[in-house]
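Results of the structural survey
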Amino acid sequence: MDIKDIQNLIKFVSKAEVSEVKYKTKDFEITIKTPLAGSDAVYAQPAVYHTAPQAVAAPAPVATPAAPSEKAEAASDDSKYVTIKSPMIGTFYRKPSPDKDVFVNVGDEVSVGKVVCVIEAMKLFNQIESEISGKIVKILVDDATPVEYDQPLFLVDPS
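Please read all numbers here as calculations on a predicted model, not as lab measurements.

Basis of the calculations
- Residues numbered from 1 in each chain as written.
- Predicted model: local features only at pLDDT ≥ 70, side-chain atom pairs only at ≥ 80, totals over all residues.
- Heavy atoms only, no water.
- Pairing = 2+ DSSP bridges.
- Helix = DSSP H or I, 4+ residues; strand = E, 2+ residues; numbered from the N terminus.
- Buried < 20%, exposed > 50% of the residue type's maximum accessible area, 1.4 Å probe, protein only.
- Contact = heavy atoms within 4.5 Å.

Our focus in this paragraph is the sheet that holds strand β8 (residues 134-139). Strand order in the open sheet formed by four strands is β3-β10-β8-β5, with antiparallel pairing between adjacent strands. Sheet topology places β3 (82-85) and β5 (109-110) at the edges, where each strand pairs with a single neighbour. With four bridges joining them, β8 and strand β10 (residues 152-157) adopt antiparallel strand pairing. Each bridged residue has a counterpart across the sheet, and for Lys 138 the counterpart in β10 is Leu 155.

Two elements, β5 and β8, share two bridges in a ladder whose sense is antiparallel. Each residue of the ladder has a partner; that of Glu 109, found in β8, is Lys 135.

A word on the environment of Val 141. Of note, Val 141 is situated in the loop between β8 and β9 (145-147). Looking at Val 141, the relative accessible area reads 7%, which means it is buried. Once you skip the residues sitting within four places of it in the chain, Val 141 turns out to touch Phe 92, Val 147, Gln 151, Pro 152 and Leu 153.

This is how it looks when you write it as structure tokens:
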């Protein structure tokens, strides 16, 4: 395969709006990855998801003056709970897909290995499993919102 063929393949991949193409022959192999492929179509839906939580999150600082007393109470109560934290940066989803039910609700019993949420990172949906058994006491993150590494997601009562 010569350079013109490779250039044509790259142009084809960008026009086809696919994220990855592998081309392989017996003596040649090329993989073309385009993370921004289909930016008009692929990012349109997540942009809607990101817009709604930000609109919901904007009023939250207004409610924070009452929050310090609540946080002080929560901190003393939360010490007996175990936290399930995010193992990665990404977007937190409570459901496997928009038309499915949530993985867990407050009050649900979880066991080790039970999927509690999904975090999307670089267009990959990673199932997050519980590392402890117990009862979900609180869900700390809104659906379809960005999360950071090691951010608390759930509080679990192990008793």
